[in-house]
Amino acid sequence: MRIVRYLLGLSTRVKITVVVIAVALGVFVIAYFEPHKLFIDEVVDEAFPAPVAIATTTTAAEAAPATAAPTTTSPPPTTAPDEPVTTTTVDTTEPTGEDPERGFTPATDEEQEDPPVTTTSTTTTTVAATTTTVAPTTTTAPPTTTTTVPEGPVLLSVSEWISIGHPGTGTVLVYRQPDGSHVVRFEDLDVSNGPDLLVILSAAPLVDDRAAYSEVAYLSLGDLKGNQGNQNYIVPPEVDLDDYQTVAIWCRRFNYTFNAADIHVPPA
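So, here is what we can say about the structure in this document. Only a predicted model underlies this, so the values are computations on that prediction, with no experimental measurement involved. (Residues numbered from 1 in each chain as written. Predicted model: local features only at pLDDT ≥ 70, side-chain atom pairs only at ≥ 80, totals over all residues. Heavy atoms only, no water.)

Moving on: the sheet that holds strand 9 (residues 162–163). Pairing within the open sheet is antiparallel, and its 5 strands lie in the order 9-16-15-12-13. Since the sheet does not close on itself, it has two edges, and those belong to strand 9 and strand 13 (218–223), each with one partner. Pairing between strand 12 (residues 197–202) and strand 13: 4 bridges, direction antiparallel. Across the sheet, residue isoleucine 200 finds its bridge partner in strand 13, namely serine 220. (Pairing = 2+ DSSP bridges. Helix = DSSP H or I, 4+ residues; strand = E, 2+ residues; numbered from the N terminus.)

Turning our eyes to something else, we now look at the pattern of salt bridges. Here the structure, examined in full by the defined rule, presents 3 salt bridges. The residue glutamate 187 makes a salt bridge to arginine 185 at a minimum N-O spacing of 2.9 Å. The exposure class assigned to arginine 185 is buried, which follows from its relative accessible area of 7%. Note that arginine 252 and aspartate 196 form a salt bridge whose closest N and O atoms lie 3.0 Å from each other. Taken together, the residues span a long stretch of sequence, with arginine 252 in the loop between strand 15 (246–251) and strand 16 (256–262) and aspartate 196 in the loop between strand 11 (182–191) and strand 12 at a distance of 56 residues. Overall, arginine 252 belongs to the partly exposed group, its relative accessible area being 45%. (Salt bridge = Lys/Arg side-chain N within 4 Å of Asp/Glu carboxyl O. Buried < 20%, exposed > 50% of the residue type's maximum accessible area, 1.4 Å probe, protein only.)

Written as structure tokens, this is what we have:
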């Protein structure tokens, strides 16, 4: 009561100042601490992500080359119209006995009978051989693109949430997808809501320590999608899951872990 009487006794200007400070403080608390989230549930119901179809390009083997055997054609031994013909004629007829020169001895009667006349005619025909060769023909099949749906995911781990900063229940499943990525899936999740909540993979073991999961190496998988329901968080293929031991729901703003679970518990 003394405080109330003291406040009532203040001047109007002081009263206005006190009211403004109280309102500002209330706005700050609501905006920063978001206490209302503790009373608001966000429900998410996601189906498990289907395997992604993978497109592959296959180049068919080259077809066996079809090669025609060389063909050689020789024309018959006839004279083509345009080919050269060489003819040589030699006249060996001896001169007659008119006006013999001095010292010339006439032939006898036997020698004068049927004087020899010799004519030689030579004809040469040249025909060039013709060779025709068919070039080899090679046929190559174009590349073909096929789309295949790989086999389904492989279940690697099944575990349950433990309560650290706030109570929570649900199942945590870890799957390996055919493309090498992993899916951390929450099923039947029911945990407390709060401000600035992240889902992280942590190198810390499963311990009852609200700050332990962010004091070592950790990887954020994004904001918590909802504090209730079923949801998926994708781990890229380049991330080695063996580098982490737990998954945690962690309040980044206050470095406060709500819940955690082991991610290397083989399914029963």
